[in-house]
Amino acid sequence: ILVLGATAGIFAQTACYPLDTVRRRMQLAGKHYTSTANAFTTIARDEGFRGFYKGMSANALKVVPNNAIRFAAYEVLKSYFMSDEAIKRTTAWRSQRRASQVPKPAAA
């Protein structure tokens, strides 16, 4: 379970890190960007694709264990507080809800 949480964390971080980089760079004093698009193009032009991921390994030291522990804690607490019968009822309710949301074919 820890590995699954860590994996989810690293995938989410990899997808979102360029946006965090642009946000941080726009907040720093010294360089002025006119817009988010300008920040993206300036970073890509001046530093290349790798510029968006500078500092990601240090951030991973925080994100990976955090998500692993959170994911594992959720699963442990869920199994502790929910009985097998409650889990079955919840699963059945979700299945019924999904089935009711499937659009019906239009009558000809």
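Shown above is the structure to which this text applies.
Please read all numbers here as calculations on a predicted model, not as lab measurements.

Asker: Explain helix 1 (residues 2-27) to me, and be specific about the residues and the numbers.
Answerer: In helix 1, a bend of some 45° at Cys 16 exceeds every other bend along the element, and Pro 18, a proline, comes one to four places later. Residues of helix 1 that are buried include every one of Gly 5, Ala 6, Gly 9, Gln 13, Tyr 17, Pro 18, Thr 21, Val 22 and Arg 25, and no others. For helix 1, the secondary structure elements touched by its buried residues are helix 2 (36-47) and helix 3 (56-81).

Asker: Just give me the short version of the side chain of Arg 25, but keep the residues and values in it.
Answerer: Among the secondary structure elements, Arg 25 is positioned in helix 1. A relative accessible area of 18% means that Arg 25 is categorised as buried. When neighbours within four sequence positions are excluded, Arg 25 is seen to be in contact with Tyr 33, Ile 43, Glu 47, Gly 51 and Lys 54.

Asker: Just give me the short version of the packing of helix 1 against helix 3, but keep the residues and values in it.
Answerer: Where helix 1 contacts helix 3, the two axes come as close as 7 Å, and the packing angle between them is 140°. Considering the angle they form, helix 1 stands oblique to helix 3. Helix 1 and helix 3 meet at a crossing whose hand is right-handed. From helix 1, Leu 2, Leu 4, Gly 5, Ala 6, Gly 9, Ile 10, Gln 13, Thr 14 and Tyr 17 reach across to helix 3, where they touch Met 56, Asn 59, Ala 60, Val 63, Val 64, Asn 67, Ala 68, Ile 69, Phe 71 and Ala 72. Across the contact of helix 1 with helix 3, the residue classes break down as 13 nonpolar, six polar and no charged.

Asker: Tell me about the packing of aromatic side chains, and please be specific about residues and values.
Answerer: For the coordinates displayed, the defined rule picks out three aromatic pairs. Centroid distance Tyr 17 to Tyr 53: 6.4 Å. Interplanar angle 15°. Geometry classified as stacked. Taken together, the residues span a long stretch of sequence, with Tyr 17 in helix 1 and Tyr 53 in the loop between helix 2 and helix 3 at a distance of 36 residues. The interplanar angle of 40° and the centroid separation of 5.5 Å between the aromatic rings of Phe 40 and Phe 52 together place this pair among those described as tilted. On the criterion of sequence distance, the pair formed by Phe 40 in helix 2 and Phe 52 in the loop between helix 2 and helix 3 is long-range, its members being twelve residues apart.

Asker: Residue-level account of the nonpolar core, with values.
Answerer: Judged by nonpolar contacts, Val 22, Tyr 33, Ala 39, Ile 43 and Phe 52 together constitute the single largest core of five residues. For Tyr 33, the contacting residues outside a window of four places in its chain are Arg 25, Met 26, Asn 38, Ala 39, Thr 42 and Ile 43.

Thresholds applied
Residues numbered from 1 in each chain as written. Predicted model: local features only at pLDDT ≥ 70, side-chain atom pairs only at ≥ 80, totals over all residues. Heavy atoms only, no water. Bend = angle between axes of the 7 residues up to and from the residue. Helix = DSSP H or I, 4+ residues; strand = E, 2+ residues; numbered from the N terminus. Buried < 20%, exposed > 50% of the residue type's maximum accessible area, 1.4 Å probe, protein only. Contact = heavy atoms within 4.5 Å. Axes fitted to C-alpha atoms, helices over the stretch in contact; angles between N-to-C directions. Parallel < 35°, antiparallel > 145°, perpendicular 65-115°, else oblique. Left-handed = near helix turned anticlockwise from the far one by under 90°. Nonpolar A, V, L, I, M, F, W, Y, C, P; charged D, E, K, R; others polar. Phe/Tyr/Trp six-rings, centres within 6.5 Å; stacked < 30°, edge-to-face > 60°. Core = buried A, V, L, I, M, F, W, Y, C linked by side-chain atoms within 4.5 Å.

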